[in-house]
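What follows is each chain in one-letter form.
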2 protein chains.
Amino acid sequence: MSKRNLTLLTDLYELTMMQGYFYAKDANETVIFDAFYRDNPDGNGFAIAAGLEQVIEYIEDLHFDPEDIDYLRSTGIFKEDFLEYLADFKFTGDIYAVPEGTVVFPREPLVKVIAPIMQAQLVETALLNIINHQSLIATKTSRIVHAAGGDGVMEFGLRRAQGPDAGIYGARAAMIAGCIGTSNVLCGQMFDVPVKGTHAHSWIMSFPDELTAFRTYAKLYPSACILLADTYDTLKSGIPHAIQVFKEMREAGIPLTFYGIRMDSGDLAYLSKEAKKMLDAEGFTDAVISASNDLDEGLISSLKNQGAAINSWGVGTNLITSKDCPSFGGVYKLAAIKDKATGKFIPKIKLSENEEKITNPGNKTIYRIYSRDSHKIIADLICLVGETYDENNSLLLFDPVATWKKTLLAPGTYTMKEIMVPIFKDGVCVYHSPKVMEIREYCKKELDTLWDETKRLVNPHEVHVDLSNELWHMKTRLLEAYHFE
Amino acid sequence: MSKRNLTLLTDLYELTMMQGYFYAKDANETVIFDAFYRDNPDGNGFAIAAGLEQVIEYIEDLHFDPEDIDYLRSTGIFKEDFLEYLADFKFTGDIYAVPEGTVVFPREPLVKVIAPIMQAQLVETALLNIINHQSLIATKTSRIVHAAGGDGVMEFGLRRAQGPDAGIYGARAAMIAGCIGTSNVLCGQMFDVPVKGTHAHSWIMSFPDELTAFRTYAKLYPSACILLADTYDTLKSGIPHAIQVFKEMREAGIPLTFYGIRMDSGDLAYLSKEAKKMLDAEGFTDAVISASNDLDEGLISSLKNQGAAINSWGVGTNLITSKDCPSFGGVYKLAAIKDKATGKFIPKIKLSENEEKITNPGNKTIYRIYSRDSHKIIADLICLVGETYDENNSLLLFDPVATWKKTLLAPGTYTMKEIMVPIFKDGVCVYHSPKVMEIREYCKKELDTLWDETKRLVNPHEVHVDLSNELWHMKTRLLEAYHFE
């Protein structure tokens, strides 16, 4: 498990295509690739971009070690000239991206790579792997945190994550999207985020009886004393024993600052309400009642609707795997090729039997349009780099498919912000990644720019992603040109 | 992305419990933990154990670096004595496990850890993370490979995997369970498995036209010439251009050894049948017709039922994430504590509101019982270590819940094999992990020990996992003793 040079973390076809470009065309031809996605996971109204910091690390570390070259040679697919080229490979292009924690919508570029075609092609797979994973988990987490209302949500999924990285970077994404802590110690160490956790059933079982186990734990950790109450019988044994220990602490004058119970099985609505009654009856009205066990946004919403007395949620499997929708469909598509003679980008389009797989051509950026009053998002506008807008003019938006659907924004009613920022210039990173807890704060503000209707977990209001007039006409010309051929 | 000491890849509570054991009890108390799972993923009839090699690497590398100790100190949770203990920490226990590639069933231990409680507790999270992930993907892959009949299945999921490890170790598990290759170059390098792939839509789009792109590719890679046919229009453009190139190769005397088309969109049944007709009409009857695009075992079965002319399958997202069931519910439960005085293991049981969460106590192993004639599995028998069986005697099996359901196996009609093997003895690895392609061969043989009815993708026949008479009585005694308390 020691290899961490991720340069070979790529599909073989990236390398066979690279070799093809090397021998068959001008390998320095500059191209533009867009990474974007087609549908929000889980039927959500938006997604949260995440993973950029790891993409930056990957790009900065790109290099073929001698053993990588040896391995590629051993496949018999690659020629020596090309392998020599790889030995000196480094990324020299430009990258633009939407910052981590930004709310994003389908079909808009999250990352744009402008580089010689061989470089731009190589990075496809790893870039998608990283962005897809972290954006998926951030988006799922935001749904769970939304369902929990103001209650704290802790990420507890490491044991069910799809391998070590899924645990580590999944927890990172979960923190970005609003978890208050993770059980994952390595994630805590790597990203300076709060780590949480108390004890498991094995702690209880390793003592002669539950009361001894609780007492021992309370003595060791009096200031963070959450006792797991369901090892034997929650209402008959766990809660009474926990209450007994809290009483003993109170009698001994130990301050009960952060204390309570956790339940990991049974009917959490019923048990939590009963537990709350029992705790209240003894004066422990501020006890934490924490629940885990296959929670997700649907179950949390449902438990809250039933008046469950839970105020802290430990969410594992369904968060860390995004169980209902375990993939984020990010793709990476060629958008333009630079003409050597003119220096201009020639837009490229990918047609498809599946209409939703048709791409947006050209060198693009994204403007986000906000209501000046509410600061909520009105729409996103994908346009060509170089187009200029003036908030003092009116702005006509139209649906790129149902083009008769138009919205005219009056001057002074809206503001615009370009949401893609430069990350690499000529192979040099020009972006400083914020710390995870800073991204978390930024993400919270980003969520405030969404209408409640877009945050609804089921059948949310869709935010419009429109094309500029210029881009729409260019795309239409390319589509029609192909069909006339 | 550089940290690969995975010692802190653990839930915080493992460390808080360790500290608890350190201060509150004999930290050298020897315990037994079992890792097992409760339900086969995807309603499958079995699972395939995988990930042991990575568990071994993890255990062998377990150590707290000075910066790990510093980090733990910085949390304010841990005391100096305990941190000093961690600085010298190493694993000194025994581990038994079912070899990778073995077919396994719910409730039987896949891994058994016998170690001082602090050590056994620490390894829980990472051990589960690794085994859960790889067993999940191996099981999913076996379903997909089964649906594909004899056709080759390639693993193409890296870009949609949940992070780099999910791609790397997911591809490893996919190879174990029968894929013929993976697109993942890093996996190929690390595990010496075949890597596969040709080109993407961007290759086609980067040339002035499709025919030029195909010709260029064919010239570069004549001996592995699979052309992606759906960039513009599969039947009107892609297939005719591919046929034109194959004709040119034939006319130029280039041997057409491995050639054909790949389709990544549209109706794969219709398009493949039309493509097959067009290829056949020109004499290209042995062309590979490869398909990708959101395939899984259900869609492959359905396409085959409709007579799709596809003979090669590239499966990505749904395999690498195990989309319909993205987690393997492996758990790790205390089974026994060694009595210092007698040296005997005292069995431990975990009760639960949820009946299926009740554990099997004691120091256990698994015997697999085969039909002597067919060599198919009759049942698995979980028993206590030290119980002996003789194939020359009759063997009475009974259902552990519906105990009146009995089966008497006559002498000479069955064979038995213990399927757990020693992995670590006193902290030293005593097991040699086979190479992935060897495990793949072993797994193929393992699948032959299942009846077809158990391999059915929907509603398969369940293989019995019984408890020995001795174990069943011990468990019953413990359950009743608790309820009498």
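Source: prediction; values computed, not measured.

Concerning the relation of the copies chain A and chain B
Superposition record for chain A on chain B: RMSD 0.0 Å, screw rotation 180°, translation along axis 0.0 Å. Taken together, the rotation angle and the small translation identify this as a two-fold axis. For chain A, the smallest separation between a C-alpha atom and the rotation axis is recorded for D165 of chain A, amounting to 2.7 Å.

Some words on the packing of helix α7 (residues 164–176) of chain A against helix α15 (residues 436–448) of chain A
All names here are of chain A. Viewed as axis vectors pointing N to C, α7 and α15 meet at an angle of 45°, and their least axial separation amounts to 7 Å. Relative to α15, the element α7 lies oblique. Within the contact between the two elements, α7 uses R172, M175 and I176 and α15 uses V436, M437, I439, R440 and C443. Across the contact of α7 with α15, the residue classes tally to 6 nonpolar, no polar and 2 charged.

Topic: the interface of chain A and chain B
Quoted interface sizes are often the accessible area lost when the parts come together. Contacts between the two partners involve 110 residues from chain A, matched on the other side by 110 residues from chain B. When the two sides are added together, the surface that chain A and chain B hide from each other amounts to roughly 9,200 Å², 58% of it contributed by carbon and sulfur. Here chain A is connected to chain B by 8 salt bridges. Salt-bridge contacts for R159 of chain B lead to E124 of chain A; the nearest nitrogen and oxygen are separated by 2.9 Å. The interface formed by chain A and chain B includes 45 residue pairs in polar contact (both at pLDDT 80 or more). Considering every element that reaches the side of chain A that touches chain B, the biggest residue donor is helix α1 (residues 12–24) of chain A, with 11 residues. Class assignment of the residues belonging to the side of chain A that touches chain B gives a composition of 47 nonpolar, 39 polar and 24 charged.

Re the sheet that holds strand β3 (residues 94–97) of chain A
Residues and elements named next belong to chain A. Spatial strand order, β13-β12-β1-β5-β3-β19-β20: 7 strands in an open sheet with antiparallel pairing. Each having just a single partner strand, β13 (345–347) and β20 (428–429) make up the two edges of the open sheet. As paired strands, strand β19 (residues 421–425) and β20 are joined by 2 bridges and run antiparallel to one another. Looking across to β20, one finds that F424 is bridged to C429. Each of β3, β19 and β20 touches helix α2 (residues 52–61); the most contacted strand, β19, lies at about 15° to it.

About the criteria used
Residues numbered from 1 in each chain as written. Chains lettered and ligands numbered in written order. Predicted model: local features only at pLDDT ≥ 70, side-chain atom pairs only at ≥ 80, totals over all residues. Heavy atoms only, no water. Least-squares fit on C-alpha atoms with pLDDT ≥ 70 in both. Axes fitted to C-alpha atoms, helices over the stretch in contact; angles between N-to-C directions. Helix = DSSP H or I, 4+ residues; strand = E, 2+ residues; numbered from the N terminus. Parallel < 35°, antiparallel > 145°, perpendicular 65-115°, else oblique. Contact = heavy atoms within 4.5 Å. Nonpolar A, V, L, I, M, F, W, Y, C, P; charged D, E, K, R; others polar. Buried area = accessible area lost by both parts, 1.4 Å probe. Salt bridge = Lys/Arg side-chain N within 4 Å of Asp/Glu carboxyl O. Polar contact = N/O pair within 3.5 Å; in protein donor to acceptor, adjacent residues only side chain to side chain. Pairing = 2+ DSSP bridges.

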